[in-house]
Amino acid sequence: MNSAGGAARWTDQDRTEQYLGPVVRRREQVVPGTADQRLLDTRGPSDWLHQDPWRVLRIQAEFVEGFGALAELGPAISVFGSARTAPGTAEYELGVRIGRALVEAGFAVITGGGPGAMEAANRGASEAGGVSVGLGIELPFEQGLNEYVNIGMNFRYFFVRKTMFVKYAQGFMVLPGGMGTMDELFEALTLVQTRKVTRFPIVLVGSDYWGGLVDWLKHTMIGQGKASPRDELLFQVTDDVDQAVELVTKGTR
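Residues numbered from 1 in each chain as written. Predicted model: local features only at pLDDT ≥ 70, side-chain atom pairs only at ≥ 80, totals over all residues. Heavy atoms only, no water.

Where helix α3 (residues 90-104) meets helix α4 (residues 117-127), the axes come as close as 6 Å, and the angle between the chain directions of the two elements is 40°. The pairing of α3 with α4 is recorded here as oblique in orientation. Of the two elements, α3 crosses α4, and the hand of that crossing is right-handed. Residues Y92, G95, V96, G99, R100 and V103 of α3 form the contact with α4, whose participating residues are E119, A120, A121, R123, G124, A125 and E127. Tallied by class, the residues present in the contact of α3 with α4 amount to six nonpolar, three polar and four charged. (Axes fitted to C-alpha atoms, helices over the stretch in contact; angles between N-to-C directions. Helix = DSSP H or I, 4+ residues; strand = E, 2+ residues; numbered from the N terminus. Parallel < 35°, antiparallel > 145°, perpendicular 65-115°, else oblique. Left-handed = near helix turned anticlockwise from the far one by under 90°. Contact = heavy atoms within 4.5 Å. Nonpolar A, V, L, I, M, F, W, Y, C, P; charged D, E, K, R; others polar.)

With that settled, consider the pattern of salt bridges. Applying the stated criterion to the full structure yields four salt bridges. In this structure, R156 engages E62 in a salt bridge whose closest nitrogen and oxygen atoms are separated by 3.9 Å. Of this pair, R156 sits in the loop between β6 (151-155) and α5 (158-167) while E62 sits in helix α2 (residues 48-70), and the two are 94 residues apart along the sequence. Where E187 meets K162, a salt bridge forms, and the shortest distance between an N and an O atom there is 3.1 Å. Of the two residues, E187 sits in helix α6 (residues 179-193) while K162 sits in helix α5, which places them 25 residues apart along the sequence. By relative accessible area, E187 is classed as partly exposed at 31%. Shared partners join several salt bridges into a network, and the residues in it are K162, D183 and E187. (Salt bridge = Lys/Arg side-chain N within 4 Å of Asp/Glu carboxyl O. Buried < 20%, exposed > 50% of the residue type's maximum accessible area, 1.4 Å probe, protein only.)

For the rest of this paragraph, the subject is the environment of K218. Tracing the backbone shows K218 in helix α7 (residues 207-222). Sequence separation between K218 and S228 is 10 residues, and the spatial gap between their C-alpha atoms is 9.5 Å. Residues in contact with K218, not counting those within four places in the same chain, are G223 and E232.

For helix α8 (residues 241-249), the set of buried residues is V241, A244, V245, V248 and T249. Seen from one end, α8 has its buried residues packed into an arc of 110°, which puts them on one side. Packed against the buried residues of α8 are β3 (76-80), α3, β7 (172-174), β8 (202-205) and β9 (236-238). You can read the cap of α8 off the contacts: a side-chain oxygen lies 3.2 Å from the backbone nitrogen of D242, and it is on D240. (Arc of directions from axis to C-beta. Polar contact = N/O pair within 3.5 Å; in protein donor to acceptor, adjacent residues only side chain to side chain.)

Have a look at this one:
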């Protein structure tokens, strides 16, 4: 089943493989739910009073492991896009070209480590002889890291994973994608808008795909005063791979 958009159809009984941070469970050893679900669920008995202090230690451990794994990474760009992008399509090949071009420009490639556009960017980076990073997440319907990742981590908590995407990247490149891609895009835009991060280029690749969103941001959100006109400058849109790499890497060293 497709990784993105399949959540509503999955149950714990459907799962034959489960990633719990660095732990893999298969077949009858699969356990219900995810760490994020248990952290955010306020219903149920009061045993959360005793469990949450231990969760803090687990969260701390994920930060420590992530910082340790990526501290020596060097210049890198995070690439986002749909897990539904099929191999052999023009969008998949675009991801491969982007991964290769970023490595040739001297950058490592960071993705969510999954299939589709993420796999494509990891593949381009790996085949170009570069550093190909995958930051996976524990999900009820996730299938693990793709085969082109050469530095990989599986996280329990989305917020720890998101920190790694931003902390160790000099910019974001965003291919056509779904809800997860939008989440990462708007979080990055918010961090730049509020100056939580400073020089952080964000490049959207695919003007046909992103055109409707860009028009809505300009004419509805900004047009109705819900954002500043200067917020249009927080990102750039292109269809050209070389220009995308130039825009996302310029002045980032």
